[in-house]
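Residues per chain are reported as follows:
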Amino acid sequence: MHLIWPPENAGRVMDAAELEDLYTYPAGRTWLAVNFVSSADGAVELGGQARPLSTPPDREVLQLGSDLADVLLIGATTAMVEGFRGVHPDRRAQERRRRHGLADVPPTAVVTTGSGLPADAPVITGARVPTLVLTCEAAPADVRRAWTAAGAEVIVAGEESVDLTAAVAALAGRGLRRIDCEGGPHLFGALTDAGLVDELRLTLSPMLAAGPAGRIAASPIASPVNLSLASAVAEADTLLLRYLARP
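A brief look at the structure comes next. (Residues numbered from 1 in each chain as written. Predicted model: local features only at pLDDT ≥ 70, side-chain atom pairs only at ≥ 80, totals over all residues. Heavy atoms only, no water.)

## A closer look at the overall build of the protein
Looking only at helices and strands, the protein has eight helices and ten strands in total. Its C-alpha radius of gyration of 18 Å places the protein within 12% of the 18 Å reference for a compact globule of 247 residues. Principal-axis analysis of the C-alpha atoms places the extent of the protein at approximately 55 × 40 × 35 Å. For the protein, buried positions account for 45% of its 247 residues. Long-range contacts, defined here as pairs at least 24 residues apart, represent 68% of the contacts in the protein between residues at least 6 apart. (Helix = DSSP H or I, 4+ residues; strand = E, 2+ residues; numbered from the N terminus. Rg over C-alpha atoms; globule rule 2.2 N^0.38 Å. Buried < 20%, exposed > 50% of the residue type's maximum accessible area, 1.4 Å probe, protein only. Contact = heavy atoms within 4.5 Å.)

Printed below as a string of structure tokens:
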């Protein structure tokens, strides 16, 4: 991969160790990074899924996002649409995690108010370690019991909707401070509105999608956040950007 930003290092061909360093989470604090891929014209999905937009370079940095994280954060709708089964590290990923002092398998934390996450969802039943369900008091008691019976750990944060600030604090309280969010757009929008996003890792896929696809962030609240470009890497027509949220 070729580093093109920051300018003082532009043109460097990065090896695997340098790329890993670039995507390592800051030490000693809670850090929430959001990963998204979009087409060059801004589409967040093709045929209802993000996967067709992904390229090999995108998959490599997406892998780094989860390999170096304490926990993967995802919305229930995205988990269901993408058929997500939790993180299943291979030997290389486990070795990387051990080098960074991380558990072999990071748990997945799923955000839901209750209706969009059945107890037999693959993200619960297919996970290698217990999934954390981040929900609210409004979620029916029988649904919460079903999640628990299926092997999930239920964390209640908020009353009528999930209080994301409280949910992130609950993760940090469990030592899960390096948070890798993989969507979807409504969760990203809500996290942005709550001021919880520290970093956006955006892949621009070399594709024009057109059609009715939405944007990477969706929210009824207009709350623009200024960003600063931390790095830009290019490989095989794919542009991989890292932005930091400005205070």
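## Quick word on the side chain of Gln94
Topologically, Gln94 is positioned in helix H4 (residues 91-99). Its relative accessible area of 15% is what places Gln94 among the buried residues. The residues touching Gln94, leaving out its near neighbours within four places in the chain, are Pro89, Asp104 and Arg128.

## Considering the packing of aromatic side chains
We describe a pair of aromatic rings using the distance from one ring centre to the other and the angle between the two ring planes. A full pass over the atoms with the stated rule returns one aromatic pair. Seen from the ring of Tyr25, Arg201 lies directly overhead, with NZ or CZ sitting 4.7 Å from the centre. Over the face of the ring belonging to Tyr23 we find Arg242, whose NZ or CZ atom lies 5.8 Å from the ring centre. (Phe/Tyr/Trp six-rings, centres within 6.5 Å; stacked < 30°, edge-to-face > 60°. Lys NZ or Arg CZ within 6 Å of the ring centre and 35° of its normal.)

## A short note on the pattern of salt bridges
A pair can form between side chains of opposite charge whenever their charged atoms are brought close. As enumerated under the stated definition, the model contains twelve salt bridges in all. Residues Glu153 and Arg174 are paired through a salt bridge, measuring 3.0 Å at the closest nitrogen-oxygen approach. On the criterion of sequence distance, the pair formed by Glu153 in strand E6 (residues 153-156) and Arg174 in the loop between helix H7 (164-173) and strand E7 (178-181) is long-range, its members being 21 residues apart. A relative accessible area of 32% places Glu153 in the partly exposed class. Its relative accessible area of 41% is what places Arg174 among the partly exposed residues. Among the charged side chains, a salt-bridge network with shared partners connects Glu20, Asp67, Arg96 and Arg99. (Salt bridge = Lys/Arg side-chain N within 4 Å of Asp/Glu carboxyl O.)

## Side note on the sheet that holds strand E9 (residues 227-235)
The ten strands are arranged E1-E9-E10-E8-E2-E7-E3-E4-E5-E6 in an open sheet whose pairing can be described as mixed. Only two strands of the sheet have a single partner each, and these edge strands are strand E1 (2-5) and E6. On average, adjacent strands in this sheet sit at an angle of 25° to one another, irrespective of strand direction. Packing against the sheet, helix H6 (residues 141-149) makes contact with strand E5 (132-135) and E6, and its axis sits at approximately 145° to E6. (Pairing = 2+ DSSP bridges. Axes fitted to C-alpha atoms, helices over the stretch in contact; angles between N-to-C directions.)

## Concerning helix H8 (residues 185-193)
Among all positions of H8, only Leu187, Phe188, Gly189 and Leu191 are buried. Next to the buried residues of H8 lie strand E2 (31-39), strand E3 (71-75), strand E4 (108-111), H7, E7 and strand E8 (199-205). After H8 finishes, the residue Gly195 shows a positive phi value of roughly 70°.

## Some words on the nonpolar core
Leu32, Val34, Leu73, Leu134, Leu171 and Leu191 are the most contacted members of the largest nonpolar core, which totals 30 residues. Among the elements that line this core, the one with the most residues is H7, at five residues. (Core = buried A, V, L, I, M, F, W, Y, C linked by side-chain atoms within 4.5 Å.)

## Observations regarding the packing of helix H2 (residues 56-67) against H4
Viewed as axis vectors pointing N to C, H2 and H4 meet at an angle of 50°, and their least axial separation amounts to 10 Å. Judged by the angle between their axes, H2 and H4 are oblique. Two packed elements cross with a definite hand, and for H2 against H4 that hand is right-handed. The residues of H4 that touch H2, namely those facing Gln63, Leu64, Ser66 and Asp67, are Ala93, Arg96 and Arg97. Here the contact of H2 with H4 is built from residues that sort into two nonpolar, two polar and three charged. (Parallel < 35°, antiparallel > 145°, perpendicular 65-115°, else oblique. Left-handed = near helix turned anticlockwise from the far one by under 90°. Nonpolar A, V, L, I, M, F, W, Y, C, P; charged D, E, K, R; others polar.)

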